[in-house]
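Next come the chains, spelled out residue by residue.
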2 protein chains.
Amino acid sequence: MAKVLVFGHQNPDTDAIGAAIAFSELQKQKGQDTEAVALGEASEETQFALDYFDLTAPRVITKASNETSDVMLVDHNEFQQSVTDIENLKILSVVDHHRVANFNTTDPLYYRAEPVGCTSTIILKLYKEAGLTPAKAIAGIMLSAIISDTLLFKSPTCTQEDIDAAKELAEIASVDVDSYGLEMLKAGTNLSDKSADVLLDMDAKSFPMGDKTVRIAQVNTVDLQEVFDRQDELEKAMKKANNENNYDLFVLLVTNILDSDSELLVIGEPSEMVEKAFDVKLNNHRAFLKGVVSRKKQVVPPLTASFQ
Amino acid sequence: MAKVLVFGHQNPDTDAIGAAIAFSELQKQKGQDTEAVALGEASEETQFALDYFDLTAPRVITKASNETSDVMLVDHNEFQQSVTDIENLKILSVVDHHRVANFNTTDPLYYRAEPVGCTSTIILKLYKEAGLTPAKAIAGIMLSAIISDTLLFKSPTCTQEDIDAAKELAEIASVDVDSYGLEMLKAGTNLSDKSADVLLDMDAKSFPMGDKTVRIAQVNTVDLQEVFDRQDELEKAMKKANNENNYDLFVLLVTNILDSDSELLVIGEPSEMVEKAFDVKLNNHRAFLKGVVSRKKQVVPPLTASFQ
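Treat the numbers as computed from the prediction; the structure is a model and nothing was measured.

### Considering the sheet that holds strand β5 (residues 110-113) of chain B
Sheet architecture is open: ten strands sit in the order β2(A)-β1(A)-β3(A)-β4(A)-β5(A)-β5(B)-β4(B)-β3(B)-β1(B)-β2(B), paired in mixed fashion. Both edges of this open sheet fall to β2 (34-36) of chain A together with β2 (34-36) of chain B, since each of them pairs with a single strand only. Going across the sheet, the axis of each strand differs from the next one's by a mean of 20 degrees, ignoring polarity. Across three bridges, strand β1 (residues 4-7) of chain A lies against β2(A) in parallel orientation. The partner of A:V4 across the bridge, within β2(A), is A:T34. Packing of helix α3 (residues 119-129) of chain A onto the sheet brings it into contact with β3 (70-74), β4 (90-96) and β5 (110-113) of chain A together with β5 of chain B, and relative to β4(A) it is tilted by some 105 degrees.

Right, here's the structure in full:
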C-alpha cells in the first residue's frame, strides 16, 4: 500500500505544518507508514520554527490521489481548504479544532475535534493516550504551533489546556516560552518585502456563507499603519483576487500582535454583512475591531450569522 | 441556563438510547447539568435491557429549541436523523461511530468519532480518560448497546475494542455476555404483533444519495420466512411511506441474527442501484445477501458508491 499522507490546510500556518509533522510522527510510532506533507510553502514564521528545531519543511503537494488513496487531515476539515481532489480520497482520520462544515465521508472514520486553541494541543493528548512522548524537535514545533495559533496565549481561542500543553512541550523542547515565542511571532511580521498578492495569500481561507464565497485573510504585524500605508495596492490586489477566484467578499484582518487589536480592510459585496456582523460602519473600506485577534472565534461566527 | 439535552438518532436503537444515558451520566459526573432524552419510544429490545438494569426509558422529544439552546449528540451526526430543529441549536459535542455527512456547525465543538462497532465503546473510553467508572446499571445499558450494534460480536462492524469493552462492562454489570445477549436480541425479534408500518419504522434511517432520498430500514428476526410471509403487506406500506415522505427508494434489510445473513425487499426507484451495489438481480423485489448484517458497513457504503 502507498504511504498515508498527513496534511493541514491550504496556505499553511505553523499549526497546519506542525500538527502534520507531529501527527505523522505519532502514527509512525504506532506502526503506520505515513508522511507529513504541506499544501503550500512554509511561512517565514513557520520556517523560523522549523530551523530553530532543525526540522525540514514538508514537501508541498496540491493533490494526493496521484500517489495515495488514504489521507489524514489535521487542522482543517472543510473540503475547499484541503487538497483539490479530497473527494476522491479515503479520509482515515481528522484531528482539528475548527467548526465542521462542507465535510462528508462515505465510511466511518476517526474524527477528533476539540474546541481548544490549537490542533497541536489535541495531538499532545493523543501522544499521552498512546502512552508516548513527542521527541524534542517534535515538541518544539508543536509548541510553536500553539504560540502561533494563540498569539502567545492572548487570543480568546486560547484555553487552559493550550497553556498547560505549551508549558509541558517547552520543557521537552528546552526553550523559554515567552522569549522564544515573541521571537518566532516577530519573524512572521516582516511584510515590507512582500507583494500585496503574497501578503493576501499568506494565511487566507475561503468560507461559503449564505450563497456567497467569503475570503478571509489575516496578517500579523507590530505596526498597523505600516500595512495601511499600502492600502491602495492591497485594494487593487483584493479586487483582482475576487475577480479571478469568484470571491464575493474579501476581508483582510490586519492584527497587531502587541496590542491584540485588528483593523479590517473589506472589498466586495455584500460589505454591509461585515457592518452588521461587527456593529461598525466601514469608513474608506476600513473598520477597527478592538480586542479582535481570532478569525476563527471572533470573525467567522458573527460573519456567518449575519448571512443567515 | 436550561439543561443540556443529550440524545441519539430518530427511531432509536439500544445504542442511541444507551449511549445518551451513559454520556449524560458522564457529563453529570463532570458537573454539567444534562438530561438524556430520546427521539422515539424504546424498542422491545431496548425496553428489555432498560427493565433488566432497572432504568427508566428517556423522555421522548422531537424538537429541542423550545426547552434548551445547547445539545449533545450521540450515535449520529446527520441532521436529517436528529431533532427537527437541529439547525437552530448549538451542538456542544458529538460522540459517534458513523460516517460524517449533512452535518455542520458555526462554532468549534467537541467531536469524537471512531470507526468502532458501537458508540458506547467510545463512551467507556471517555469514562476512563476522565478517570471515572460507569455505575452498574449504566454499564449494563452500555453493554446492551454493544451487543445490539454488533449482533453479539458477529457484525463486521465489530472491532476488538468493542469485544474488550463488552467484557469489561459485563463484569461491572455482573451478567454473562452470551446468555444475556441472546436473550436481549431475541426480545427484539417479536415482529408478529406489529403492523407493517410499525415494523418499517422501528430502525429506519434516511440517506441522501446522489439527488435521491433513500430510506433503509432493518429488522432482526430468527426466521426470514416469517417476515416474507407478509411481503404483500410490507410492499404496500413501503409504497405508502415513499409517497408520504418523498423517499425515492425504500430498502428493507431483514436480518437473521442466528445465521448472520440478510434478505432485501426493495420498493421504489432507481432499484437498479441496489442491483449494482450488491451485484445481484432483484427477483420479486427481493435479493438474498449472504453474510450481510450491517446497514452501516455493508449496505450504506456500496449503495452510496453506486449512486456516484
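### Some details on the UniProt feature "binding site: Mn(2+) 1" (unreviewed entry) in chain A
Residues and elements named next belong to chain A. With numbering aligned to this structure, UniProt lists the feature "binding site: Mn(2+) 1" (unreviewed entry) at H9, D13 and D75. Sequence-wise these annotated residues cover 67 residues; spatially they are packed, their C-alpha atoms never more than 9.6 Å apart. Mapped onto the elements, H9 comes out in the loop between β1 and α1 (14-29). Those residues within four positions of H9 in sequence are excluded, and the remaining contacts are A16, L39, V74, D75, H76, Q81 and K205. Following the sequence through the fold, D13 ends up in the loop between β1 and α1. Beyond its immediate chain neighbours, meaning those up to four positions away, D13 contacts T46, D75 and D149.

### Here we look at the pairing of β5(A)
With burial as the criterion, each face of β5(A) is covered, one bearing A:Y110 and A:R112 and the other bearing A:Y111 and A:A113. Sheet analysis places β4(A) next to β5(A), joined by four bridges and oriented parallel. Note that in β5(A) the partner of A:S93 across the bridge is A:Y110. Two strands pair when backbone bridges link them, and β5(A) and β5(B) are joined in this way by three bridges, in the antiparallel orientation. Directly across from A:A113, in β5(B), lies its bridge partner B:Y111.

### Quick word on the packing of aromatic side chains
This structure, assessed with the given rule, holds 17 aromatic pairs over all chains. With a centroid separation of 6.1 Å and an interplanar angle of 35 degrees, the aromatic rings of B:F48 and B:Y52 are classed as tilted. Here B:F48 and its partner B:Y52 are both found in helix α2 (residues 44-52), four residues apart, which amounts to about one turn of the helix. A relative accessible area of 44% means that B:Y52 is categorised as partly exposed. Taken together, the aromatic side chains of A:F79, A:F103, A:Y111, B:F79, B:F103 and B:Y111 make up a single cluster linked through ring pairs.

### A look at the sheet that holds strand β10 (residues 286-289) of chain A
Two orientations exist for strands paired in a sheet by backbone hydrogen bonds: parallel and antiparallel. All names here are of chain A. As summarised here, the arrangement of the five strands in space is β6-β7-β8-β9-β10, forming an open sheet in which the pairing is mixed. Taken across any chain shown, the strands that pair with only one partner, and hence form the sheet edges, are β6 (204-209) and β10. Taking the axes of each pair of neighbouring strands and ignoring which way they run, one obtains an average angle of 25 degrees across the sheet. On the sheet, helix α9 (residues 231-245) packs against β8 (249-256), β9 (261-268) and β10 and is oriented at approximately 50 degrees with respect to β9.

### As for the interface of chain B and chain A
Frequently, the measure chosen for interface size is the accessible area that the parts lose on association. Taken together, the contact pairs 22 residues of chain B with 22 residues of chain A. When the two sides are added together, the surface that chain B and chain A hide from each other amounts to roughly 2000 Å², 62% of it contributed by carbon and sulfur. When the buried surface of chain B facing chain A is broken down by residue, B:V100, B:T106 and B:P108 rank first, second and third, together holding 28% of it. Between the two partners, chain B and chain A, sit zero salt bridges. The interface formed by chain B and chain A contains four residue pairs in polar contact (both at pLDDT 80 or more). Mapped by element, the contributors of at least two residues to the side of chain B that touches chain A are β5 and α11 (295-306) of chain B. With four residues, β5(B) is the largest single contributor of residues to the side of chain B that touches chain A. The class makeup of the residues in the side of chain B that touches chain A is ten nonpolar, six polar and six charged.

### Examining the pattern of salt bridges
Applying the stated criterion to the full structure yields 38 salt bridges over all chains. Measuring nitrogen to oxygen at the nearest pair gives 2.7 Å for the salt bridge that ties A:D203 to A:R295. Remark: A:R295 occurs in helix α11 (residues 295-306) and A:D203 occurs in the loop between α7 (196-201) and β6; sequence separation between them is 92 residues. Since its relative accessible area comes to 7%, A:R295 is described here as buried. Note that B:R112 and B:E129 form a salt bridge whose closest N and O atoms lie 2.9 Å from each other.

### As for the pairing of β1(A)
All names here are of chain A. Alternating residues of β1 divide into V4 and V6 and L5 and F7, and every residue in both groups is buried. In this structure, β1 lies alongside β3, joined through three bridges in parallel fashion. If you follow L5 over to β3, its bridge partner there is V71.

### Quick word on the environment of B:F48
Residue and element names in this part refer to chain B. On the basis of relative accessibility, which here comes to 23%, the residue F48 falls in the partly exposed class. When the C-alpha atoms of F48 and D197 are compared, they prove to be 22 Å apart, with 149 residues separating the residues in sequence. Residue contacts for F48: discarding those within four places in its chain leaves Y180, E183, M184 and A187.

### A short note on the UniProt feature "binding site: Mn(2+) 2" (unreviewed entry) in chain A
Following the UniProt record, the feature "binding site: Mn(2+) 2" (unreviewed entry) maps to A:D15, A:D75, A:H97 and A:D149 here. Considering the C-alpha atoms alone, the annotated residues occupy 135 residues of sequence yet fold into one spot, their largest mutual distance being 10.7 Å. Note that A:D15 resides in helix α1. Setting aside chain neighbours within four positions, we find A:D15 in contact with A:A20, A:D75, A:H97, A:C118, A:T119, A:S120, A:A145 and A:D149. Along the chain, A:H97 turns up in the loop between β4 and β5. Among residues more than four places away in sequence, those in contact with A:H97 are A:D15, A:D75, A:E114, A:V116, A:G117, A:C118, A:T119, A:I122, A:D149, A:K296 and B:P108.

Reading guide: rules and limits
- Residues numbered from 1 in each chain as written.
- Chains lettered and ligands numbered in written order.
- Predicted model: local features only at pLDDT ≥ 70, side-chain atom pairs only at ≥ 80, totals over all residues.
- Heavy atoms only, no water.
- Pairing = 2+ DSSP bridges.
- Helix = DSSP H or I, 4+ residues; strand = E, 2+ residues; numbered from the N terminus.
- Axes fitted to C-alpha atoms, helices over the stretch in contact; angles between N-to-C directions.
- Contact = heavy atoms within 4.5 Å.
- UniProt positions renumbered as here; feature names shortened; annotations may be inferred.
- Buried < 20%, exposed > 50% of the residue type's maximum accessible area, 1.4 Å probe, protein only.
- Phe/Tyr/Trp six-rings, centres within 6.5 Å; stacked < 30°, edge-to-face > 60°.
- Buried area = accessible area lost by both parts, 1.4 Å probe.
- Salt bridge = Lys/Arg side-chain N within 4 Å of Asp/Glu carboxyl O.
- Polar contact = N/O pair within 3.5 Å; in protein donor to acceptor, adjacent residues only side chain to side chain.
- Nonpolar A, V, L, I, M, F, W, Y, C, P; charged D, E, K, R; others polar.

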